[in-house]
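# Residue-level structure breakdown
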Amino acid sequence: MQTAGLSQTAVAERLGVSKEAVSQWLKAKSFPRPDKLLQFGKLLNLSFSELVTRQDPFAPKVAFRKMKGTKTKEHHIEKAQDIGRFLRHLVPYVPFDTLEMPPVLKAPQNDYSYLRSVTAKVREDIHLGPTESVDFTHLIRRFSELQTVVVPVMWGNKQRHENAVHIYLPDSQTTWVYLNLDTNIHDFKFWMAHELGHCLSPSLDGDEAEDFADAFAAALLYPHALAEQAYVSITAQPSSAAKISHVIALADELTISPYTVMKQVNKYAVAANKPEITLSERAFPGAVTNFNKKYKNLSEALFGDAELDKQGKPSAREYIAKTEAAFETPFFAMLSKYLKQHQNGPGFVHTVLDMPLLDARSIHAELT
């Protein structure tokens, strides 16, 4: 299917069956009727023995940074794995010096002391002191050092299940991170740190992987030294309202969420055998909502001076040029080389960027 440039949806349409039916065949949960099996074999130019026994021992491993309140379902995983299989076509164009396994954590865990030690080492690697603010440049450079290809996308701010997707291809040991630009700036920073956590822990799967990546991101962005200082300064405030205002100010200094500040402060408190700080369950969320409104989406900040279409999107040229510069990503150069050498059409762009076909045509035209 990958060689033929066919997704599960395309196969389903060609064979006159549902996408769910094709999915069940590929997972060996059901078997096609003889006539459909014959059509499937002809479509892929495979013999019976090849068609019914062939398996993918190197299935892409995927992880999601989800929208609030959403659940990861089987079709989300299948779709991301389909994208991963198409990404294999781009592996020969990855510009890294080697495709050997980059350095990763041997036994990642959520223990406070462990995370304190690991994130301190990461801070050293990106030349940051114990209390200095992590910015986008630090994270972007670390992705590159870990042989990770960043794919900036514009997926809207509400329409999807995910805001970021992490895809690891075991056969080539390459990592691809899709980051949605239509995201509040301080949330975007957390998600980048979250994805960095995934890059460092490819041995983890499912909820365990998500929990570790979340804990890693929080510890990196608001480390022990800052949490210790904040615990003292927050408890010194004379009222609950003053405490909340102070937490907001601390978060604002680093362009991170007040929730991240409070979670890290209370994790410090538990580790230090001190009482946790409690804030008003009514007032704190409201204050955070107002705090969030202060910040633009990253896409607004990035393309604010560009001419936008009726959907608020920049031209393909602006999108490619500005994201390449901002994220130092080789993705579009790789995609351009592949499309030119293999004369693939907009359908490949449509699948690999998971974008509307109309937008894919514009990107394809710009890259070719």
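The following refers to the structure shown. (Residues numbered from 1 in each chain as written. Predicted model: local features only at pLDDT ≥ 70, side-chain atom pairs only at ≥ 80, totals over all residues. Heavy atoms only, no water.)

## Regarding the overall build of the chain
Looking only at helices and strands, the chain features 18 helices and 4 strands. On C-alpha atoms alone, the chain measures out to a radius of gyration of 23 Å, which is about the 21 Å that the 2.2 N^0.38 rule sets for 368 residues. Across its three principal directions, the C-alpha atoms of the chain cover 75 × 45 × 45 Å. With 368 residues in all, the chain has 49% of them scored as buried. As presented, the chain carries roughly 18500 Å² of accessible surface, and 51% of it is formed by carbon and sulfur atoms. (Helix = DSSP H or I, 4+ residues; strand = E, 2+ residues; numbered from the N terminus. Rg over C-alpha atoms; globule rule 2.2 N^0.38 Å. Buried < 20%, exposed > 50% of the residue type's maximum accessible area, 1.4 Å probe, protein only. Areas by Shrake-Rupley, 256 points an atom, 1.4 Å probe, with all protein chains shown as cover.)

## Focus on the packing of helix α11 (residues 240-254) against helix α13 (residues 283-293)
Where α11 contacts α13, the axes come no closer than 10 Å and their chain directions differ by 35 degrees. Crossing of α11 over α13 shows right-handed handedness. Taken together, the residues of α13 that come into contact with α11 (itself represented by Ile244, Val247, Ile248, Ala251 and Asp252) are Ala283, Phe284, Ala287, Val288 and Phe291. Broken down by class, the residue content of the contact of α11 with α13 amounts to 9 nonpolar, no polar and 1 charged. (Axes fitted to C-alpha atoms, helices over the stretch in contact; angles between N-to-C directions. Left-handed = near helix turned anticlockwise from the far one by under 90°. Contact = heavy atoms within 4.5 Å. Nonpolar A, V, L, I, M, F, W, Y, C, P; charged D, E, K, R; others polar.)

## Remarks on unusual backbone geometry
Its identity as a non-glycine residue notwithstanding, Gln173 has a phi of 55 degrees, on the positive side. The backbone of Thr255 shows a phi angle near 55 degrees, a positive value even though the residue is not glycine. As for its placement among the helices and strands, Thr255 is situated in the loop between α11 and α12 (258-271).

## A look at the pattern of salt bridges
Enumeration over the complete set of coordinates arrives at 13 salt bridges. Among the ionic pairs, Asp82 bridges to Arg85, the shortest N-O distance being 3.5 Å. Placement of the pair is Asp82 and Arg85 together in helix α5 (residues 74-87), with a separation of 3 residues, close to one helical turn. Measuring nitrogen to oxygen at the nearest pair gives 3.9 Å for the salt bridge that ties Lys322 to Glu318. Here Glu318 and Lys322 lie together in helix α15 (residues 316-327), a separation of 4 residues that amounts to about one turn. (Salt bridge = Lys/Arg side-chain N within 4 Å of Asp/Glu carboxyl O.)

## Structural notes on the pairing of strand β3 (residues 162-169)
In terms of burial, β3 is largely enclosed, as 8 of its 8 residues are buried. As defined by bridge partners, strand β1 (residues 61-66) adjoins β3 across 6 bridges and the pair is classed as antiparallel. Its bridge partner being in β3, Phe64 is matched across the sheet by Val165. Pairing of β3 with strand β4 (residues 174-180) involves 6 bridges; the strand directions are antiparallel. Bridge assignment links Leu169 to a residue of β4, and that residue is Thr174. Hairpin remark: β3 followed by β4, antiparallel, with 4 residues in the connecting loop; positive phi at Gln173, about 55 degrees. (Pairing = 2+ DSSP bridges.)

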